[in-house]
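# Report on the structure
Below are the chains, spelled out letter by letter.
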Amino acid sequence: MTTCIICEKFWNTSSQAKFKDIDADAMTDEAAKFRQRVRKIGRTIDGFWGVWGDLKDTIDEFIGTMPLLQSLRDSSMRTRHWDNLKKQIGKEFDQTNPDFDMSVLTSLGLHNFQSEIDVLVDGARKEEKIEKKMAEVNQVWGSLNLEIKEYKQYHKLATTEDINSYLDDHMVSISAMK
């Protein structure tokens, strides 16, 4: 079987892979094998063939898209991040649609926005980290029992050791968040 036919079968199968089910590592490995075959063909042909160049470019684009897809599948990506991505690339799509597959992703030309996607996903990961820490802080303060005692003609906290300890810890944690 010729390399082009094998590559076409691989692409037809890969292009139908749903975004949530994509195994980017396996697809990258398979595409790397095709790239190797295409390079060998390039060394054996005389001159530059348009079909060979197009196939080589398509495989390179496909391989370049895979790390971006892995990043976009990160659990930290929220709707606001997807909306930001749509704005940056200037294209509309619905990432929650069951038909959102590899062919749709490839048609978006994400490989042209690698640095933007890297910044976006990095920001999403940092935001998720902050969200988790803030939830932890809220949980601690929400479950803290404060004992109030009468003192002369007013009321005051019985002890402030725990409060001061939590306050110091959380002020340091929150101020270090970026």
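Below: a short report on this structure. (Residues numbered from 1 in each chain as written. Predicted model: local features only at pLDDT ≥ 70, side-chain atom pairs only at ≥ 80, totals over all residues. Heavy atoms only, no water.)

Structurally, glycine 90 is set in the loop between helix 4 (79-89) and helix 5 (102-107). Look at glycine 90 and you get exposed, because its relative accessible area is 61%. Through-space distance from the C-alpha of glycine 90 to that of asparagine 138 is 38 Å; in sequence the pair is 48 residues apart. (Helix = DSSP H or I, 4+ residues; strand = E, 2+ residues; numbered from the N terminus. Buried < 20%, exposed > 50% of the residue type's maximum accessible area, 1.4 Å probe, protein only.)

Attention now goes to the nonpolar core. Core analysis: the largest hydrophobic core is formed by 32 residues, its most contacted members being Ile22, Leu72 and Leu110. Elements that contribute at least two residues to this core include exactly helix 2 (24-44), helix 3 (50-72), helix 4, helix 5 and helix 6 (114-143). The greatest single-element share of this core, amounting to 8 residues, is contributed by helix 3. Apart from residues no more than four positions distant in its own chain, isoleucine 22 is found in contact with Ala17, Met27, Leu69, Arg73, Met102 and Leu105. (Core = buried A, V, L, I, M, F, W, Y, C linked by side-chain atoms within 4.5 Å. Contact = heavy atoms within 4.5 Å.)

What follows deals with the pairing of strand 1 (residues 148-151). For a regular strand, side-chain orientation follows a simple rule: the groups alternate between the two sheet faces. Here strand 1 pairs with strand 2 (residues 154-157) via 4 bridges, running antiparallel. Its bridge partner being in strand 2, tyrosine 151 is matched across the sheet by tyrosine 154. Counted between consecutive antiparallel strands, the loop separating strand 1 from strand 2 contains 2 residues, among which lysine 152 sits at a positive phi close to 50 degrees. (Pairing = 2+ DSSP bridges.)

This next bit is on the packing of helix 4 against helix 6. At a minimum axis distance of 11 Å, the contact between helix 4 and helix 6 shows a crossing angle of 165 degrees. The angle between helix 4 and helix 6 places the two elements in the roughly antiparallel class. Here helix 4 and helix 6 pass one another in a crossing that is right-handed. Across from Arg80, His81, Asn84, Leu85 and Gln88 in helix 4, the residues of helix 6 making contact are Glu116, Ile117, Leu120, Ala124, Glu127 and Glu131. (Axes fitted to C-alpha atoms, helices over the stretch in contact; angles between N-to-C directions. Parallel < 35°, antiparallel > 145°, perpendicular 65-115°, else oblique. Left-handed = near helix turned anticlockwise from the far one by under 90°.)

A cluster of like positive charges, contributed by Arg37, Arg39, Lys40 and Arg43, occupies part of the molecular surface. Its place among the elements puts arginine 39 in helix 2. A relative accessible area of 39% places arginine 39 in the partly exposed class. (Patch = residues over 30% accessible without salt bridge, like charges linked within 9 Å, V, L, I, M, F, W, Y side chains within 5 Å. Areas by Shrake-Rupley, 256 points an atom, 1.4 Å probe, with all protein chains shown as cover. Salt bridge = Lys/Arg side-chain N within 4 Å of Asp/Glu carboxyl O. Lys, Arg positive; Asp, Glu negative; His and termini not counted. Charge placed at Lys NZ, Arg CZ, Asp CG, Glu CD.)

Quick look at helix 2 now. In this model, helix 2 (21 residues) spans 30 Å end to end at C-alpha, consistent with the 30 Å of a helix rising 1.5 Å per residue. Buried within helix 2 are the following residues: Ala24, Met27, Ala31, Phe34 and Val38. For helix 2, the angular spread of the buried residues around the axis is 95 degrees, confining them to a single face. Away from its buried face, by an angle of more than 90 degrees, helix 2 presents the exposed residues Lys33, Arg43 and Thr44. (Expected span 1.5 Å × (residues − 1). Arc of directions from axis to C-beta.)

We now examine the side chain of histidine 81. Locating histidine 81 in the fold gives a position in helix 4. Excluding residues that lie within four positions of it along the chain, histidine 81 makes contacts with Ser76, Leu120, Ala124 and Glu127.

What follows is about a nonpolar patch on the surface. A surface patch of nonpolar side chains, about 360 Å² in accessible area, is lined by Trp141, Tyr166, Leu167 and Met171. With respect to the helices and strands, leucine 167 occurs in helix 7 (residues 161-176).

Remember that the coordinates give geometry; whether it matters functionally is a separate question.
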